[in-house]
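A closer look at the structure
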2 protein chains.
Amino acid sequence: MALSECSTSTASRFFPMSLRRDAAVLAPRLSLPHRSCASKVPSFRTLAVRASTPLLVASEACAKVIHGKYVSKLIRDEISAEVSGMKEAIGVAPGLAVIIVGDRKDFATYVPNKKKACESVGINSFEVHLPADSKEEEVLKFITGFNDDPLVHGILVQLPLPSHMNEQSILNAVSIEKDVDAFHPLNIGRLAMRGREPLFVPCTPKGCIELLHRYGIGIKGKRAVVIGRGNIVGMPAALLLQREDATISIVHSRTQNPEEITREADIIIAAVGQPNMVRGSWIKPGAVIIDVGINPVEDSKSSRGYKLVGDVCYEEACKVASATTPVPGGVGPMTIAMLLCNTLTSAKRTHNFQCVGCFRLYFTIRKTSSEIVQEDSLSTRTAFTCRCPYSLNCLFS
Amino acid sequence: MALSECSTSTASRFFPMSLRRDAAVLAPRLSLPHRSCASKVPSFRTLAVRASTPLLVASEACAKVIHGKYVSKLIRDEISAEVSGMKEAIGVAPGLAVIIVGDRKDFATYVPNKKKACESVGINSFEVHLPADSKEEEVLKFITGFNDDPLVHGILVQLPLPSHMNEQSILNAVSIEKDVDAFHPLNIGRLAMRGREPLFVPCTPKGCIELLHRYGIGIKGKRAVVIGRGNIVGMPAALLLQREDATISIVHSRTQNPEEITREADIIIAAVGQPNMVRGSWIKPGAVIIDVGINPVEDSKSSRGYKLVGDVCYEEACKVASATTPVPGGVGPMTIAMLLCNTLTSAKRTHNFQCVGCFRLYFTIRKTSSEIVQEDSLSTRTAFTCRCPYSLNCLFS
């Protein structure tokens, strides 16, 4: 467990919104929660800034909190409504299959959480639990079975696999049509290329961008720094930010002056797995921070003996940034919401089902030309992103 | 034709190497050409800086010239030697098929050039020339034929295709095993992902990185700015630089302060198609510039009425940068050399042929762990990059 610590005070985290000088620019875009210093029970209020306003400088040395936990709840409610609509309309529910090999301690938390999340939105979950000494062929046999099963729309192989297994060949065996984790190179390639659309977007980086969207934080033309270049978060997050017309820089272990580069960013996505690595001095005043890190650090005050912190020193960030995610309760809950979203997307694509009610409200077509296509032409299955507040940013192709 | 002009003087381009104060740090890494102001006939001399030395400041206001034309000649000689070795050893020559649809003026230059280049190194070339009003099915029929032809190891569809054809579905029809242009999303995805290796690397960005390697210009830990984010050059160039541990930033049409960001770069790759867009004021003293732009601008002094210039104002760059490619004679000739390289790579992979003599000299294994694998284990076809001066950086997988 890491020992890194940046501050003992957490008071600034709950600094009251009502004292903020920039409250005047708040717009009623979405109803999102804000923690008050007077209470730890979140109260809902209008929080999002107008997409067209410049990023805000935190004049009162207290950043807005980007509440992933509550946004993910909103999203799960939306998924639930879509799943119900799908069941009613075509009698089909999305299905997610999870393959677990071995008995790692952390599986005991992650796997039931995924199962519960599926149940809560009406997605069917299928689970295969194999012993740690299983042969690779056995895992592949189950993957093939799920690939062919029409009730399964998403397949997830819980990582890490036991060391005697070839992770790459096992993941490659998952049909790209059901690769809801979106780690297939074909998906990543399409994500990188202009004019192409991936079948799925990796869950955690998709959750990061979704948080920015839901809080109305403009990305286009902004300077964005991604800290970390891993396949699961950093690299796809950078590709997603670039698709949204941010100017990206990627900081990694070989970067010689990470602090200086990070300080140039309007938007920081930190996904490096180093507790409190990003200090207040790394942050440009007014920057927005999405902290993907979930690192346990010793904490004698906690009954568990540890607490979870992010890659960004939260207390210091709050004094400089205009908005930041907390850890826990920030990006973490978004990942599982995006997994459910990808499973729903897959089921809708398989059954050519579209939530017409949502599209009528609000949508943006995602094409190279940024052309807005009339609703009638949606039946041509043009690649698009649904941006309605009642649905998700589901990428179709 | 563009009218942009940044200087009428080209004298600095041919500034004599012997007057450079930094000549003391030159190391005998490779014998590469340098143009002297006394003669337009290139003379070969030791030019490359030590890979371990920091990038140089151009103390005499005259950048080194990175001679793509001559490096590409060296590479073609190396390919020629490898092709001869392959023919002798297994009786097989690599084959490249080119499909042309229509009669665009520029095809009359490009296509014969490719054919000549193939012939010059012993690669068999196959050509299909279809009329502009051909049906898509006819093109697909020829692609299928070449996909199945064991004499063909690389297939190139000359772009642009006539407007009535679906470029994406035609390019997707090329077998990924023969996609020497390397534009398949699966290749791009593997290029983006750590621990994965693409079957091929797109020719122009591969040529850019090869120039840096051949001139011994260190990339690891350097700040690199790529101007342009297109699928053909900018995006894959950024991915390649990141694979080499550069810290990348990508500047594009939506970037708000391109000059400021570009000025942070130790290495600039400009691939935007805007004549002389990058001025001297955009360049950090001592930066290295790879200019991919080839833009015609009016020139009354030329018998053709125009001249070709890059995306970077060459005369101004020469006063600030430590090294730069000229236009023409820089990146352009490297693209076709890399196409030949990819075709050779494909043939070697198909026939499991390895140039053992080269590997004995010098090689680097490219794995996630950066582990150096013993020569004996090469027969396991581990993904690796050959870095020997007698061969190419061929990516196997």
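Residues numbered from 1 in each chain as written. Chains lettered and ligands numbered in written order. Predicted model: local features only at pLDDT ≥ 70, side-chain atom pairs only at ≥ 80, totals over all residues.

The name an unreviewed UniProt entry assigns to chain A is Bifunctional protein FolD 4, chloroplastic-like isoform X2, from the organism Rhodamnia argentea. In its Pathway (unreviewed entry) section, the UniProt record describing chain A reads: "One-carbon metabolism; tetrahydrofolate interconversion." (UniProt positions renumbered as here; feature names shortened; annotations may be inferred.)

Residue and element names in this part refer to chain A. Here helix 2 (residues 107–121) spans 21 Å end to end across 15 residues, near enough to the 21 Å set by a 1.5 Å rise per residue. Taken as a whole, helix 2 has its buried residues at K114, A117, C118 and V121. Looking straight down helix 2, one finds its buried side chains confined to an arc of 100 degrees; they lie on one side. Within helix 2, the exposed residues directed more than 90 degrees away from the buried face are A108, T109, P112, K116 and E119. Taken together, the buried residues of helix 2 touch helix 1 (68–90), strand 4 (95–101), strand 5 (124–130) and helix 10 (332–350). Looking at the residues trailing helix 2, positive phi occurs at G122, about 90 degrees. (Helix = DSSP H or I, 4+ residues; strand = E, 2+ residues; numbered from the N terminus. Expected span 1.5 Å × (residues − 1). Buried ≥ 20, exposed ≤ 12 C-beta atoms within 10 Å, placed from the backbone. Arc of directions from axis to C-beta. Contact = placed C-beta atoms within 7 Å.)

Here we take up the nonpolar core. In terms of nonpolar packing, the biggest core is built from 196 residues, with A:V226, A:I268, A:L340, B:V226, B:I268 and B:L340 touching the most fellow members. Excluding residues within four positions of it along the chain, A:I268 makes contact with A:V225, A:I227, A:T262, A:V278, A:I283, A:A287 and A:I289. (Core = buried A, V, L, I, M, F, W, Y, C linked by C-beta atoms within 7 Å.)

Let us now look at the relation of the copies chain B and chain A. Relating one copy of the chain to the other requires a rotation about an axis plus a shift along that axis. The transformation that overlays chain B on chain A combines an axial shift of 0.1 Å with a rotation of 180 degrees, and the residual RMSD is 0.1 Å. Here the transformation between the copies is reduced to the relation of a two-fold axis. When you check the interface residues of chain B against chain A, 96% turn up at the interface there too, and the contact is symmetric in its surfaces. (Least-squares fit on C-alpha atoms with pLDDT ≥ 70 in both.)

Turning our attention to the interface of chain B and chain A. Contact residues are listed per partner, giving 28 residues for chain B and 27 residues for chain A. Per-element accounting of the side of chain B that touches chain A gives the leading share, 7 residues, to helix 5 (residues 185–192) of chain B. The class makeup of the residues in the side of chain B that touches chain A is 10 nonpolar, 11 polar and 7 charged. (Nonpolar A, V, L, I, M, F, W, Y, C, P; charged D, E, K, R; others polar.)

This brings us to the environment of B:I261. Relative to the assigned elements, B:I261 resides in helix 8 (residues 258–262). For B:I261, a count of 21 C-beta atoms within 10 Å corresponds to the buried category. Separated by 120 residues in sequence, B:I261 and B:K141 have C-alpha atoms that sit 47 Å apart. Those residues within four positions of B:I261 in sequence are excluded, and the remaining contacts are A:T247, B:V225, B:S249, B:V251 and B:T255.

The UniProt record marks residues 202–350 of chain A with the feature "domain: Tetrahydrofolate dehydrogenase/cyclohydrolase NAD(P)-binding" (unreviewed entry), using the residue numbering of this structure. Note that residues 202–350 of chain A is 36% helix and 19% strand, and that its end C-alpha atoms are spaced 19 Å apart.

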